[in-house]
Amino acid sequence: MKAEFWLERWQRKEIGFHQDEINAHLQEYWGGLQLPAGGEVFVPLCGKSRDMLWLRAQGHRVLGVELSPLAVEDFFLENELKPQVRSHGAFDSWSCDGVTLLCGDFFELTADDLKHVTGIYDRASLVALPPEMRAQYAGHLQRILPEHAPMLLVTMDYAQAEMSGPPFAVGATEVRELYAAHYGIEPLYTHDVLAENPRFRERGVTRLDEVVYRLRP
Ligand SMILES: C[S@@+](CC[C@H](N)C(=O)[O-])C[C@H]1O[C@@H](n2cnc3c(N)ncnc32)[C@H](O)[C@@H]1O
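Parameters at a glance
Residues numbered from 1 in each chain as written. Predicted model: local features only at pLDDT ≥ 70, side-chain atom pairs only at ≥ 80, totals over all residues. Near = placed C-beta within 6 Å. Nonpolar A, V, L, I, M, F, W, Y, C, P; charged D, E, K, R; others polar. Helix = DSSP H or I, 4+ residues; strand = E, 2+ residues; numbered from the N terminus. Buried ≥ 20, exposed ≤ 12 C-beta atoms within 10 Å, placed from the backbone. Expected span 1.5 Å × (residues − 1). Arc of directions from axis to C-beta. Contact = placed C-beta atoms within 7 Å. Pairing = 2+ DSSP bridges. Axes fitted to C-alpha atoms, helices over the stretch in contact; angles between N-to-C directions.

Draft legend 1. Looking closely at the site of the ligand. Taken together, the neighbourhood of the ligand is formed by 19 residues, with Trp6, Leu45, Gly47, Leu67 and Phe106 sitting nearest. Among the residues making up the shell around the ligand, the classes are represented as 11 nonpolar, 5 polar and 3 charged.

Structure representation (structure tokens):
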């Protein structure tokens, strides 16, 4: 999936993945990660997710990475935050009040960028990528993350033949293939959310499971 694909989606405001509400699974399961107070949470492929505000309100510093400058700008504008913008390696770094969004390509991140991270929140990030990129994404993430950082992972699973992604279907077997070398993987929740997502039914999907995992080193 090329960068242009996502940049154009943001330009055309085709951002059906964005939620105005704070994610219910985040609120339900985040505490189970038992992160140290005041740690830094990494939100890969963060869009303009308001979940980052919720994480900040829990006392975490938040570090997001996002390709689209429009998404990053919207995040600060819509939440009435006035960021400082500076150059940071391959990224523009937008920061305000404990939230830093690095605008640029996730694959350019280094271990130094993530050295303070104590936890990860992935919602709609792994599933945004096609199969070959998912392996690169999970590999890069695990190479640059501090070893002790647990993750809350929210995925979607459906019959991939019924619809082309994104979002792509990511099943439990693949989650294990991607992460079992470094993490113990606990499925926490599975629910078919097709009834609440008519746009997927219109695209031919007959089952749409939302699945939440806790990954602990
Ligand atoms: C499906 S959206 C999910 C956004 C967010 N996690 C949420 O829950 O709303 C995927 C996001 O990843 C961004 N993205 C895709 N590839 C990226 C990359 N290589 N580096 C940084 N961001 C990327 C896209 O611009 C898009 O905003």
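Draft legend 2. Molecular detail of unusual backbone geometry. Of the consecutive residues Gly165 and Pro166, the connecting peptide bond is found in the cis state with omega at 0 degrees. As for its position among the elements, Pro166 is in the loop between β7 (151–157) and α6 (172–179). For the peptide bond that leads from Pro166 to Pro167, omega is 0 degrees, which places it in the cis range. Note on placement: Pro167 falls in the loop between β7 and α6. One non-glycine residue, Leu45, lies in the positive phi region at around 50 degrees. By the element assignment, Leu45 lies in the loop between β1 (40–43) and α3 (51–57). You can call Leu45 buried: it has 21 C-beta atoms within 10 Å.

Draft legend 3. Structural view of helix α5 (residues 131–144). Over its 14 residues, α5 runs 20 Å from end to end, which matches the ideal 20 Å to within 8%, given 1.5 Å per residue. Residues Arg134, Tyr137, Ala138 and Leu141 constitute the buried set of α5. Down the axis, α5 shows its buried residues gathered within 90 degrees of arc, on one side only. Structural note: α5 exposes Glu132, Gln136, Gly139 and Arg143 on the side pointing more than 90 degrees away from its buried face.

Draft legend 4. Looking closely at the environment of Cys46. For Cys46, the location among the structural elements is in the loop between β1 and α3. Distance from Cys46 to Pro131, taken between C-alpha atoms, is 19 Å for residues 85 residues apart in sequence. In this structure Cys46 touches Met52, Gly64, Val65, Glu66 and Leu101, once residues within four positions along its chain are discounted.

Draft legend 5. The sheet that holds strand β9 (residues 209–216), seen in detail. Taken together, 9 strands build an open sheet; the order of strands is β3-β4-β5-β2-β1-β6-β7-β9-β8 and the sheet is mixed. In this open sheet, the two edge strands, each paired with only one partner strand, are β3 (84–88) and β8 (184–192). Across this sheet, the average inter-strand angle for adjacent strands is 20 degrees, counted without regard to direction. Where strand β6 (residues 117–123) lies against β7, 4 bridges are found, and the strand directions are parallel. Paired with Tyr121 across the two strands is Leu152, which belongs to β7. Seen against the sheet, helix α4 (residues 69–78) touches β2 (61–66), β4 (91–96) and β5 (99–103) and runs at an angle of roughly 160 degrees to β5. In this fold α6 packs onto β7, β8 and β9, with an angle of close to 155 degrees to the strand it touches most, β8.

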